[in-house]
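What follows is the residue order along each chain.
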Amino acid sequence: MKFTVQVNEGPYQHQASDSAYLFAKAALEKGHEIYRIFFYHDGVNNGTRLTKPPQDDRNIVNRWSELAEQHNLDLVICVAAAQRRGIADADEAKRNGKDADNIAPGFRISGLGQLIEGGIQSDRLVVFGD
Amino acid sequence: MLHTVNKSPFEKNSLDTCLAHAKEGSAILLIEDGVYGATKGTAVSNKVQEAMSKFTVYALEPDVKLRGVADKVMDGVKLVDYAGFVDLAVENDKVQAWL
Amino acid sequence: MMGGEVKKFLYMNRKAPYGTVYALESLEVVLIGAAFEQDVTLVFLDDGVYQLIKGQDNSDSEMKNFSPTYRALEMYDVEKLYVGKEALEMRGLTEEDLLVDVEVKTADEIRDLMEEMDVVLSF
């Protein structure tokens, strides 16, 4: 079965991102397809490579990047939400005259249409938020 | 239809709204702080007990264990792991998250 | 725009505006989603009904008043707006307090409506 997962909260602040990750991992382990993981609201903060959690804690951002690499996942960060919160890839940084980008490997920035399209193309949309 | 509730019933009304809008026979899965709603002897236990005659109530076991309430889960609440969560999402035609 | 499959999308709005960004950003999804020509329904329950209240005034505040956008939804062919009867009553509100035409529905009616949907986006 094909899933799209929506993540509405940032890492560490709220469990939503952990729940979404463990759900996605379990779905993949069961042989399902994750069509897309869409990061919205503060969820866009899951995609900054500049996080540095303490050694004894999980690394939420790296965990997403690794899962994306292993399973060729489409991790999409909403552009409008990202601009508000300062998440940028090289193109976005250049377009908006910013001096740096911070997007983590495996993530891409795109429009809200990707969420709707995920809802259309997938058998199930599962939302994790606050 | 699968309903998920991730809020403590002592803080937010997500569980109440879920119970008021879920169709008889629905699956309700308590996750994150929602799992406190599955515990015995609370101010909402009777409500949840009653709900179990209309719905199947599940709680996400990793979240129950994490919060130290594994020995307080009400009889009749079914514990599932993340694989079980995925199965519920597959078995039901859609998922509504009561945030 | 996309052509092909049309699904029934439900936007479930249960959060008050301003205190958190969910209401504003969920409205942005609705507007973008309209271009996909899906069958769209908006439901407002719990504090979500406060999104639609008349008289929102940001003149002494620096926050964006996005309430006029609800009135523009019609132009995007988003016409099915349903408000929970119990949610309104609990907050001492009536349809007259709202800035757009809505249909007030009981929990029983909303329950049936939800069953018909294909995709639920929750905010």
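Preceding this paragraph is the structure being described.
All figures in this text were calculated on a predicted structure; none of them were measured in a lab. (Residues numbered from 1 in each chain as written. Chains lettered and ligands numbered in written order. Predicted model: local features only at pLDDT ≥ 70, side-chain atom pairs only at ≥ 80, totals over all residues. Heavy atoms only, no water.)

As for the overall build of chain C
Here comes step 1: Helix and strand counts for chain C stand at four helices and five strands.
Here comes step 2: The order of helices and strands in chain C, counted from the N terminus, is β-α-β-α-β-α-β-α-β.
Here comes step 3: Relative to the compact-globule value of 14 Å for 123 residues, chain C shows a C-alpha radius of gyration of 14 Å, a close match.
Here comes step 4: Principal-axis analysis of the C-alpha atoms gives chain C an extent of 45 × 35 × 20 Å.
Here comes step 5: Residues counted as buried form 52% of the 123 residues belonging to chain C.
Here comes step 6: Sequence separation of 24 or more characterises 76% of the internal contacts of chain C that already satisfy a separation of 6 or more. (Helix = DSSP H or I, 4+ residues; strand = E, 2+ residues; numbered from the N terminus. Rg over C-alpha atoms; globule rule 2.2 N^0.38 Å. Buried < 20%, exposed > 50% of the residue type's maximum accessible area, 1.4 Å probe, protein only. Contact = heavy atoms within 4.5 Å.)

A few points about the sheet that holds strand E2 (residues 27-30) of chain B
All names here are of chain B.
Here comes step 1: Pairing within the open sheet is parallel, and its five strands lie in the order E4-E3-E2-E1-E5. For this open sheet the edge positions go to strand E4 (78-80) and strand E5 (95-98), each flanked by a neighbour on one side alone. The sheet shows a mean angle of 25° between the axes of neighbouring strands, taken without regard to direction.
Here comes step 2: Across three bridges, strand E3 (residues 56-60) lies against E4 in parallel orientation. Looking at E4, one finds that Tyr 58 is bridged to Lys 78.
Here comes step 3: Most of the contacts of helix H1 (residues 14-21) go to strand E1 (residues 2-5), to which it runs at about 165°, and overall it touches E1, E2 and E5. (Pairing = 2+ DSSP bridges. Axes fitted to C-alpha atoms, helices over the stretch in contact; angles between N-to-C directions.)

Quick look at the layout of surface pockets
Here comes step 1: If you add up the space inside the largest pocket, you get close to 250 Å³.
Here comes step 2: Along its surface, the largest pocket is lined by 16 residues, and Lys 12 of chain B together with Arg 14, Lys 15, Ala 16 and Asp 47 of chain C are the ones closest to its centre.
Here comes step 3: Classifying every residue of the lining of the largest pocket by side-chain character gives four nonpolar, four polar and eight charged. (1 Å grid on protein atoms, 1.4 Å probe; cavity = no way out; pocket = protein on both sides within 12 Å on 5 of 7 lines; lining within 4 Å. Points joined across faces, edges and corners; volume = space filled by probe spheres on them. Nonpolar A, V, L, I, M, F, W, Y, C, P; charged D, E, K, R; others polar.)

What about the packing of aromatic side chains?
The relative placement of two aromatic rings is captured by the distance of their centres and the angle of their planes.
Here comes step 1: Evaluated as defined, the whole model comprises twelve aromatic pairs over all chains.
Here comes step 2: Plain terms: the ring middles of Phe 3 of chain A and Phe 23 of chain A are 5.5 Å apart, the flat faces sit at 85° to each other, and that makes the pair edge-to-face. In this pair, Phe 3 of chain A is assigned in strand E1 (residues 2-7) and Phe 23 of chain A in helix H1 (residues 16-29), connecting sequence segments 20 residues apart.
Here comes step 3: Here Phe 3 of chain A falls in the buried class, since its relative accessible area comes to 0%.
Here comes step 4: Measuring from ring centre to ring centre gives 6.2 Å for Phe 66 of chain C and Tyr 70 of chain C, while their planes differ by 45°; the resulting arrangement is tilted. When sorted by exposure, Phe 66 of chain C lands in the same class as Tyr 70 of chain C, which is buried.
Here comes step 5: Here the aromatic residues Phe 3, Phe 23 and Phe 128 of chain A together with Phe 85 of chain B are joined through ring pairs into a cluster of three or more. (Phe/Tyr/Trp six-rings, centres within 6.5 Å; stacked < 30°, edge-to-face > 60°.)

Some remarks on the interface of chain B and chain C
Here comes step 1: Between chain B and chain C, the residue contacts involve 16 residues of the former and 16 residues of the latter.
Here comes step 2: The contact between chain B and chain C buries some 1400 Å² in all, and 51% of this surface belongs to carbon and sulfur atoms.
Here comes step 3: Among the residues chain B hides against chain C, the three largest losses belong to His 21, Lys 94 and Leu 99 of chain B. Together they make up 40% of the total.
Here comes step 4: Our enumeration of links across chain B and chain C arrives at zero salt bridges.
Here comes step 5: Viewed at the interface, chain C and chain B are joined by nine residue pairs in polar contact (both at pLDDT 80 or more).
Here comes step 6: Mapped by element, the contributors of at least two residues to the side of chain B that touches chain C are H1 and E5 of chain B. (Buried area = accessible area lost by both parts, 1.4 Å probe. Salt bridge = Lys/Arg side-chain N within 4 Å of Asp/Glu carboxyl O. Polar contact = N/O pair within 3.5 Å; in protein donor to acceptor, adjacent residues only side chain to side chain.)

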